[in-house]
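Residues per chain are reported as follows:
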Amino acid sequence: MTIFLRNRRAGAAATATALALASLAALAMTATPASASGRVTTAGPATTATALAPEPAAAPKPASPAASASPAPGDPAVPSALTLPRPTGPYATGRDTLFLTDHERTDPWVPAAGARRLLVSLHYPARPGSGGDPAPYMPEAEARLMLAQRGLDDPEWPGLVAATGTSSRTDARPAPGRFPLVLLSPGFGTPRATLTGLAEELASRGYVVATADHPYESTGTELPDGRVLTCAACDEVDAQPDEAGRRKVLAAVSAGRAADFSFLLDRLTGPRPAWRHARTIDARRVGMAGHSIGGNAAASTMAADRRVDAGVTMDGTFFDPVAARGLDGRPFLMLGTDPGHAPGAGDTSWDEGWARLDGFKRWLTVRDSGHFTFTDTPAIGEQLGIADPDAPLSAARSTAITRAYVTAFFDRSLRGRPARLLDGPTPAHPEVLFQRP
């Protein structure tokens, strides 16, 4: 993958940036995220729940200082503000944030840290005109670490990315009714904020969406007390002597996230829910999607927890293989890059997983896409002037395709609605290929 900065001076800095982003994509055949804000809530005795403030996007391994590609003073290519594409559904959207502690599990990556903790963004259908300020995208500390990992250390960019405009409001009143729940999991080394655009779209279409940050699995996770946790799991992967060792650690990441989401389901749908608007969730209809290793986690969670009715992987390798018994007939969508995730291409885990899936299933690949096509990265990167000639699909098309197919799949699987988009190719989305191995 080669990255070019549009309308910026070429040279060694741009080359270093390209190499840094390429190294991230290589690490990340796994990866995704969301954000935060609100007020403090207390949960039951086994759990601490706190509603707090914002969060970040995605990231790889540190690069050379030359990767900054800083603009000249007054450079007109530097945008004054970034925004996510507006959701297209009929509902306004609200957002809360929960800080949860599972006192029955020790953190798998840093046992000395004590109990496993989760930061969760909750996007939900809201009453029009209600709520306070727009929900923040992510903390600046998280944005800085994410960008630095990609070798993007322009001093203006962390503030810009952290302040990316969203469409959700804090303290918004929920719309009347009960709605299906969708769980979202970001990619490895990637903050949950990077899935904000998809979360807002689903919420605008009548879903409650819970996006989890898994501490020590992201470049940076800012806790309510201001501490920032970095990626101990990334260090564990790097410490492995060979590919087999790295794959084993990544399989543990996926299986560990399944435990995280089972705990989260308990706290959202159990008898003493942690979220103040939990009554809006229809616990009989639950789906899960994830980017990169978050997509693997969707399959891992379905194998471990029968409450999840449908799953989606967005370009995620199955380091933790799809269960040999299948998923008990539950539907699953595989949405990935083309040709990288086409049948017989480099990721054989998709061929193996497809054979084991035993319910309604679709295998879709997207021409001209890249690993981060299915996240907020294209929309934010395009506004910053970042271009990837190996993934020339525009931000507008990346957003439209991801929203259309993920929403259609959940509409069909959780609501029983017709989803003709999943029947075969359509002129509206010529980049999407239906694979029938």
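The structure contained in this document is the topic of the report that follows. (Residues numbered from 1 in each chain as written. Predicted model: local features only at pLDDT ≥ 70, side-chain atom pairs only at ≥ 80, totals over all residues. Heavy atoms only, no water.)

Below, the discussion takes up the overall build of the chain. Of regular secondary structure, the chain possesses 10 helices and 15 strands. Counting over 437 residues, the chain shows a buried share of 62%. For the chain, contacts bridging at least 24 residues in sequence account for 77% of all contacts bridging at least 6. Carbon and sulfur atoms form 54% of the exposed surface of the chain, whose accessible area is close to 15700 Å². (Helix = DSSP H or I, 4+ residues; strand = E, 2+ residues; numbered from the N terminus. Buried < 20%, exposed > 50% of the residue type's maximum accessible area, 1.4 Å probe, protein only. Contact = heavy atoms within 4.5 Å. Areas by Shrake-Rupley, 256 points an atom, 1.4 Å probe, with all protein chains shown as cover.)

Within the structure shown, the criterion is met by seven aromatic pairs. Measuring from centroid to centroid gives 6.0 Å for W350 and W363, while their planes differ by 65°, and the two rings are edge-to-face. Taken as a pair, W350 in helix α8 (residues 348–356) and W363 in strand β13 (residues 361–367) lie far apart in primary sequence, 13 residues in all. The two residues W350 and W363 agree in class, both being buried. Connected via pairs of aromatic rings, a cluster forms that spans Y207, F409 and F410. Just above the ring of F372 sits the side chain of R150; from NZ or CZ to the centre is 4.7 Å. Seen from the ring of F360, R412 lies directly overhead, with NZ or CZ sitting 3.5 Å from the centre. (Phe/Tyr/Trp six-rings, centres within 6.5 Å; stacked < 30°, edge-to-face > 60°. Lys NZ or Arg CZ within 6 Å of the ring centre and 35° of its normal.)

The subject of this paragraph is the pattern of salt bridges. For the coordinates displayed, the defined rule picks out 22 salt bridges. Across the pair R330 and D328 runs a salt bridge, and its minimum N-O distance is 3.4 Å. When its relative accessible area of 5% is taken as the criterion, R330 is described as buried. Connected through salt bridges with shared partners, the residues D102, R105, D107, R116, E217, R257 and D260 form a single ionic network. (Salt bridge = Lys/Arg side-chain N within 4 Å of Asp/Glu carboxyl O.)

Now for the side chain of T221. With respect to the helices, strands and loops of the structure, T221 is situated in strand β8 (residues 221–222). For T221, the residues in contact, after removing those within four places along its chain, are L119, E142, D213, P215, R227, V228 and L229.

To continue, consider unusual backbone geometry. Omega for the bond connecting D338 with P339 falls within 30 degrees of zero, at 15°, which places this linkage in the cis form. At S292, a position not held by glycine, the phi torsion is positive, near 55°. Mapped onto the fold, S292 is located in the loop between β10 (281–291) and α7 (293–304). Its identity is not glycine, yet D368 carries a phi of approximately 65°, on the positive side. Along the polypeptide, D368 turns up in the loop between β13 and α9 (377–384).

The interhelical angle for the contact between helix α6 (residues 243–269) and α7, taken along N-to-C directions, is 55°, at an axis separation of 8 Å. What the angle tells us is that α6 and α7 run oblique. Relative to α7, α6 is oriented so that their crossing is right-handed. For the pair α6 and α7, contact is made by L250, V253, S254, A255, R257, A258 and F261 and by I293, G294, N296, A297, S300, T301 and A304, respectively. Broken down by class, the residue content of the contact of α6 with α7 amounts to eight nonpolar, five polar and one charged. (Axes fitted to C-alpha atoms, helices over the stretch in contact; angles between N-to-C directions. Parallel < 35°, antiparallel > 145°, perpendicular 65-115°, else oblique. Left-handed = near helix turned anticlockwise from the far one by under 90°. Nonpolar A, V, L, I, M, F, W, Y, C, P; charged D, E, K, R; others polar.)

Here G329 is to be found in the loop between β11 (310–314) and β12 (332–338). A residue is classified by how much of its surface remains accessible, and G329, at 39% relative accessible area, is partly exposed. Counting along the chain gives 29 residues from G329 to D358, while the straight-line C-alpha distance between them is 5.0 Å. When sequence neighbours within four positions are dropped, the list of residues in contact with G329 reads D358, G359 and F360.

Below, the discussion takes up the pairing of strand β7 (residues 208–213). Among the six residues of β7, six are classified as buried, and the element is accordingly described as predominantly covered. Note that strand β4 (residues 115–126) and β7 share five bridges and pair antiparallel. Each residue of the ladder has a partner; that of S121, found in β7, is T211. Each parallel crossover has a hand, and the one from strand β6 (residues 179–185) via helix α4 (residues 196–204) to β7 is right-handed. (Pairing = 2+ DSSP bridges. Right-handed = clockwise from strand over helix to strand, strands pointing away.)

Tracing the backbone through its elements, the reader meets T373 in the loop between β13 and α9. For T373, the side chain forms a polar contact with the main-chain nitrogen of G370, separated by 2.7 Å. (Polar contact = N/O pair within 3.5 Å; in protein donor to acceptor, adjacent residues only side chain to side chain.)

Turning our attention to helix α2 (residues 140–149). Here α2 has its buried residues at E142, A143, M146, L147 and Q149. Buried residues of α2, seen end-on, are gathered within an arc of 160° and therefore sit on one face of the element. On its buried side, α2 packs onto α3 (157–162) and β8. One or two steps after α2, the chain reaches G151, where phi turns positive at roughly 75°. (Arc of directions from axis to C-beta.)

So, about the nonpolar core. V120, L181, L183, L268, W275 and F332 are the most contacted members of the largest nonpolar core, which totals 40 residues. Not counting residues up to four positions away in its chain, the partners in contact with W275 are D96, L98, L122, Y124, V208, R267, L268, T280 and I281. (Core = buried A, V, L, I, M, F, W, Y, C linked by side-chain atoms within 4.5 Å.)

Contact geometry of α4 with helix α10 (residues 395–415) gives a least axis separation of 10 Å together with a crossing angle of 50°. Judged by the angle between their axes, α4 and α10 are oblique. For the element pair α4 and α10, the recorded crossing hand is right-handed. Residues G197, L198, E201 and L202 of α4 lie in contact with α10, whose contacting residues are T402, R403, V406, T407 and F410. Counted by class, the contact of α4 with α10 contains four nonpolar, three polar and two charged residues.

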